[in-house]
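Chain residues, written in single-letter form:
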Amino acid sequence: MAEENVEALSAAIAACRICRDAPAKGDAFRLPHEPRPVAVLSQTAKILIAGQAPGLRVHESGLPFNDASGNRLRDWLGVSREEFYDPANFAILPMGFCFPGYDNKGSDLPPRRECAPLWRTRAFKSMPQVDFVIAIGQYAQGWHLGPRRKKGMTETVANWREYFFANQAPRVLPLPHPSWRNTGWLRKNPWFELEVLPVLREHVDSLIRGRKFD
């Protein structure tokens with residue numbers, strides 16, 4: 001598939017209503033609220049943040065990671081809010097573009113099934129300059145790592161060196177979701193902050209500020 005124009009593709013994504021009008025699993029699984037696709041495509045960003053799906057606050061604002069999870073993610077990356085929302089620095093492409101709603105336990109539902117098959121390959125190919133993918137959560141890790149992904153998210157993230165230092169482009173780094181729900185996971189896995197985050201911050205610094213990465 002040929003490379004598409006980023007602006008035209010962004011407009012097409014913003015207008016998408018497939019999860020409401022033609023749900024993958026039938027009318028009973030129609031998105032119960034008005035879709036609001038949230039994604040940031042860029043012609044220049046070298047870093048792609050591949051997340052899961054927008055939460056309610058992001059759905060209401062239309063701004064990706066505009067919540068407590070975003071604050072934690074920006075801390076992990078070592079960037080300011082202004083740097084994070086500069087499309088020259090970061091493209092943001094979740095697995096599902098719209099808020100999927102909540103399950104009966106109050107947790108976000110998985111990303112909608114309609115988005116990735118329709119848009120993801122096209123969007124990814126429209127940004128050939130991307131050379132670093134931050135894959136957040138099991139759904140993004142499954143798409144970007146394929147059969148290289150381990151059985152679970154913890155094992156995948158624990159084996160981050162296998163992906164980050166692979167002689168393969170783009171470079172991929174798997175991360176847990178920065179949600180407050182993963183605070184317990186972070187406490188149980190201190191190696192993440194000690195080993196992964198310094199490498200993540202140094203590489204991000206090298207890509208958006210031009211400092212040398214060793």
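Above this text sits the structure in question.
Residues numbered from 1 in each chain as written. Predicted model: local features only at pLDDT ≥ 70, side-chain atom pairs only at ≥ 80, totals over all residues. Heavy atoms only, no water.

Peer 1: Is there a simple way to think about the packing of aromatic side chains in this case?
Peer 2: Note on aromatic pairs: each is described by the distance of the centres and the angle between the planes. All chains considered together, the criterion is met by 13 aromatic pairs. Pairing Phe99 with Tyr102 gives two aromatic rings, centres 5.2 Å apart and planes at 75°, and the pair type is edge-to-face. Using a relative accessible area of 5% as the deciding quantity, one classes Phe99 as buried. Look at Trp160 and Phe165: their rings are 6.0 Å apart centre to centre, the planes differ by 45°, and that puts the pair in the tilted class. Chaining the aromatic ring pairs together yields one cluster made of Phe65, Phe84, Tyr85 and Phe90. Of note, Lys25 hangs over the ring of Phe29, and the distance from its end group to the ring centre comes to 4.3 Å. Here the guanidinium or amino end of Arg171 rests over the ring plane of Phe164, the centre of that ring lying 4.4 Å away. (Phe/Tyr/Trp six-rings, centres within 6.5 Å; stacked < 30°, edge-to-face > 60°. Buried < 20%, exposed > 50% of the residue type's maximum accessible area, 1.4 Å probe, protein only. Lys NZ or Arg CZ within 6 Å of the ring centre and 35° of its normal.)

Peer 1: Mind showing me how you'd approach the nonpolar core here?
Peer 2: For soluble globular proteins, nonpolar side chains are generally found buried alongside one another. Among the nonpolar cores identified, the biggest contains 28 residues, and Ile49, Leu77, Phe192 and Leu200 are the most heavily contacted of them. Of all the elements, helix H11 (residues 191-209) adds the most residues to this core, at eight residues. Setting aside residues no more than four positions away along its own chain, Leu77 makes contact with Ile49, Phe84, Phe90, Ile134, Leu200, Arg201 and Val204. (Core = buried A, V, L, I, M, F, W, Y, C linked by side-chain atoms within 4.5 Å. Helix = DSSP H or I, 4+ residues; strand = E, 2+ residues; numbered from the N terminus. Contact = heavy atoms within 4.5 Å.)

Geometric descriptors of this kind do not, in isolation, establish any biological role.
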